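Single-letter residue listing:
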Amino acid sequence: MTGVVQIRPLVGADVAEASALHREILDMEFLSRCGSGFMRAYYRAWVEAPGAISLVARDEGGELLGVVLGATDPATHVRAMVRESGVRLGIRLALYAVGHPSFARDLVVTRGRRYVRGVVRLVVARLSHARASSGPSTDPRVGEITHVLVRSQRQGSGVGRALLDAAVAAGRAAGLDELVLVTPPDLAAGGFYRHLGWRADGEMTSRSGEAFVRYRYLLDEGGRGDGGRGEGGRGDGGNRPGPR
Ligand SMILES: CC(C)(COP(=O)(O)OP(=O)(O)OC[C@H]1O[C@@H](n2cnc3c(N)ncnc32)[C@H](O)[C@@H]1OP(=O)(O)O)[C@@H](O)C(=O)NCCC(=O)NCCS
């Protein structure tokens, strides 16, 4: 199945459709279990935060085929999301949890402590009028891709490649040296990333206890991402971006 694929920035009018497709295609993700209202708010917050990489693919008839999300400066992006939309997202999550006890239990067990710490930090920052510092620039400049998804019926027709190519171009335009992403070890997507020139860079465990393989793509070398260090080491990912 082919056809002209148009890649363009994800805008407000795409949010409902894109977030629904995300919940359908990446249904194994915890995020996808958080309810459609939360997911729409999450997408809106993502797109509005500075440094977002957020693109959609549509065919010539306007059908939504896929989405890629990421950030050119992950730390700044996530801080802005929390600062501008954290309260709204927290309320939506809490309301959803009230009506879904088994989800609420998983939320508390896997993410409760981390989210409470985040809320406390947010409240303290607000009370003390603290400003988020942009911090010293890191060297190299590392962006991240967090989600790539293509409508089931259109998988295998070049949409994922077009989305990832556009995300890589956005990273280059932002002056990044490298992009990273993580994917569960049992997901076929690993083969897709390797085929497109991403290099496996070890395993890691998220703060919520899930296993991931980390991939990197060096922008100045057209994706030869192992930087001469080889593949397959095991690490905690250091201070570079990881799963949110
Ligand atoms: C993974 C995914 C994004 C790939 O998108 P896609 O549109 O199906 O992939 P494309 O058709 O653009 O494939 C591009 C190339 O990668 C190759 N490829 C695709 N999947 C592959 C795989 N699992 N292993 C090896 N190569 C693969 C294709 O053969 C194609 O090669 P070519 O361009 O040289 O002919 C898509 O299948 C998807 O949404 N999967 C479900 C969600 C998911 O797993 N997302 C990733 C979460 S981390």
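All residue numbers refer to position in the chain's written sequence, counted from 1. Side-chain atom pairs in this predicted model are given and counted only at pLDDT of 80 or more, local residue features only at pLDDT of at least 70, and totals for whole chains, interfaces and linings cover all residues.

### A look at the overall build of the chain
1) Next: Numbering goes from the N terminus for both helices and strands, where a helix is a DSSP run of H or I of at least four residues and a strand is a run of E of at least two. From N to C terminus, the chain includes 6 helices and 7 strands.
2) Next: Counting from the amino terminus, helix and strand elements in the chain follow one another as β-α-α-β-β-α-α-β-α-β-α-β-β.
3) Next: We call two residues in contact if the C-beta atoms placed from their backbones are at most 7 Å apart. The long-range share in the chain, meaning contacts at least 24 apart out of those at least 6 apart in sequence, stands at 73%.

### Examining the packing of helix α1 (residues 15–25) against helix α2 (residues 36–48)
1) Next: Look at α1 against α2: their axes get within 9 Å of each other, and the N-to-C directions meet at 120 degrees. As summarised for this structure, α1 and α2 are arranged oblique, according to the angle between their axes. Judged by the twist between their axes, the crossing of α1 over α2 is right-handed. Note on element contacts: α2 touches α1 through Ser36, Met39, Arg40, Tyr43 and Arg44, opposite Val15, Ala16, Ala18, Ser19, Ala20, His22 and Arg23.
2) Next: Across the contact of α1 with α2, the residue classes tally to 6 nonpolar, 3 polar and 3 charged. Only C-alpha atoms enter the line fits that serve as axes; for helices the fit covers just the stretch in contact. Angles between N-to-C directions range over 0 to 180 degrees. The scheme is simple: roughly parallel for angles under 35 degrees, roughly antiparallel for over 145, roughly perpendicular for 65 to 115, oblique for anything else. Working rule for handedness: look at the near helix, and if it is turned counterclockwise from the far one by less than a right angle, call the crossing left-handed; if clockwise, right-handed. Three residue categories are used. Nonpolar comprises Ala, Val, Leu, Ile, Met, Phe, Trp, Tyr, Cys and Pro, charged comprises Asp, Glu, Lys and Arg, and polar comprises the others, including Gly.

### Some details on the sheet that holds strand β6 (residues 199–205)
1) Next: Two strands pair if DSSP finds at least two bridges between them. Within the open sheet, the 7 strands sit side by side as β1-β2-β3-β4-β5-β7-β6. Their pairing is mixed. The two strands at the open ends of the sheet, each matched to only one other strand, are β1 (5–9) and β6. Here the average twist between neighbouring strands, direction ignored, is 25 degrees.
2) Next: Pairing between strand β3 (residues 64–71) and strand β4 (residues 142–150): 6 bridges, direction antiparallel. The residue bridging glycine 66 from the neighbouring strand is valine 150, located in β4.
3) Next: Sitting on the sheet, α1 is in contact with β2 (52–59), β3 and β4, with an inclination near 90 degrees to β3.

### Section: α2
1) Next: Expected span of a helix, by definition, is 1.5 Å for each gap between consecutive residues, and there is one gap fewer than residues. Here α2 spans 18 Å end to end across 13 residues, near enough to the 18 Å set by a 1.5 Å rise per residue.
2) Next: Buried residues of α2: Phe38, Met39, Ala41, Tyr42, Tyr43 and Trp46, and no others. Exposure classification rests on a simple neighbour count of other C-beta atoms within 10 Å of a residue's own: a residue reaching 20 or more is buried, one at 12 or fewer is exposed, and one in between is partly exposed. C-beta atoms are placed from the backbone.

### Brief notes about the site of the ligand
1) Next: For each residue, a C-beta atom is placed from the backbone, and the residue counts as near a molecule or strand when that atom lies within 6 Å of it. Around the ligand, the structure places 19 residues, and the nearest of them are Gln155, Gly160, Arg161, Gly191 and Phe192.
2) Next: When residues of the shell around the ligand are traced back to their parent elements, those giving at least two are β4, α5 (159–173) and α6 (189–195).
3) Next: Looking at side-chain class alone, the shell around the ligand contains 10 nonpolar, 8 polar and 1 charged residues.

### Some thoughts on the nonpolar core
1) Next: Among buried residues, those of type Ala, Val, Leu, Ile, Met, Phe, Trp, Tyr and Cys that are joined through C-beta atoms within 7 Å form a set called a nonpolar core. In terms of nonpolar packing, the biggest core is built from 49 residues, with Ile53, Val67, Val68, Leu163, Ala167 and Leu179 touching the most fellow members.
2) Next: In this structure, valine 67 is in contact with Leu10, Ala18, Leu21, His22, Val56, His147 and Leu149, ignoring residues within four places of it in sequence.

### Here's the deal with the packing of α2 against helix α3 (residues 74–99)
1) Next: Where α2 meets α3, the axes come as close as 9 Å, and the angle between the chain directions of the two elements is 175 degrees. Considered as vectors, α2 and α3 are oriented roughly antiparallel to each other. In this structure, α2 uses Gly37, Phe38, Ala41, Tyr42, Ala45, Trp46 and Glu48 to contact α3, whose residues at the interface are Met81, Glu84, Ser85, Arg88, Leu89, Arg92, Leu93 and Tyr96.

### Section: the environment of serine 206
1) Next: Positionally, serine 206 belongs in the loop between β6 and β7 (211–218).
2) Next: The exposure class of serine 206 is partly exposed, given the 17 C-beta atoms found within 10 Å.
3) Next: When the C-alpha atoms of serine 206 and valine 182 are compared, they prove to be 9.8 Å apart, with 24 residues separating the residues in sequence.

### Re α1
1) Next: Of the positions making up α1, those classed as buried are Val15, Ala18, Ser19, Leu21 and His22. Seen from one end, α1 has its buried residues packed into an arc of 155 degrees, which puts them on one side.
2) Next: Contact partners of the buried residues in α1: α2, β2, β3 and β4. The reported arc concerns the directions from the helix axis to the C-beta atoms and nothing else.

### Structural notes on the confidence of the model for the chain
Regions with low pLDDT should not have their predicted coordinates read in detail.
1) Next: Residue-level confidence of the predictor, termed pLDDT, takes values from 0 up to 100. The share of residues in the chain with pLDDT of 70 or more is 85%, and the mean pLDDT across the chain is 87.
2) Next: Considering only residues more than four positions removed or in separate chains, one finds that residues 226–240, a stretch of pLDDT under 50, has 20 contacts.

### Regarding the pairing of β7
1) Next: Relative to β7, strand β5 (residues 178–183) is paired through 6 bridges, and the arrangement is antiparallel. Bridging across to β7, valine 180 finds its partner in arginine 216.
2) Next: Direction of pairing for β6 relative to β7: antiparallel, over a ladder of 5 bridges. Bridging from a neighbouring strand, threonine 205 pairs with alanine 211 of β7.

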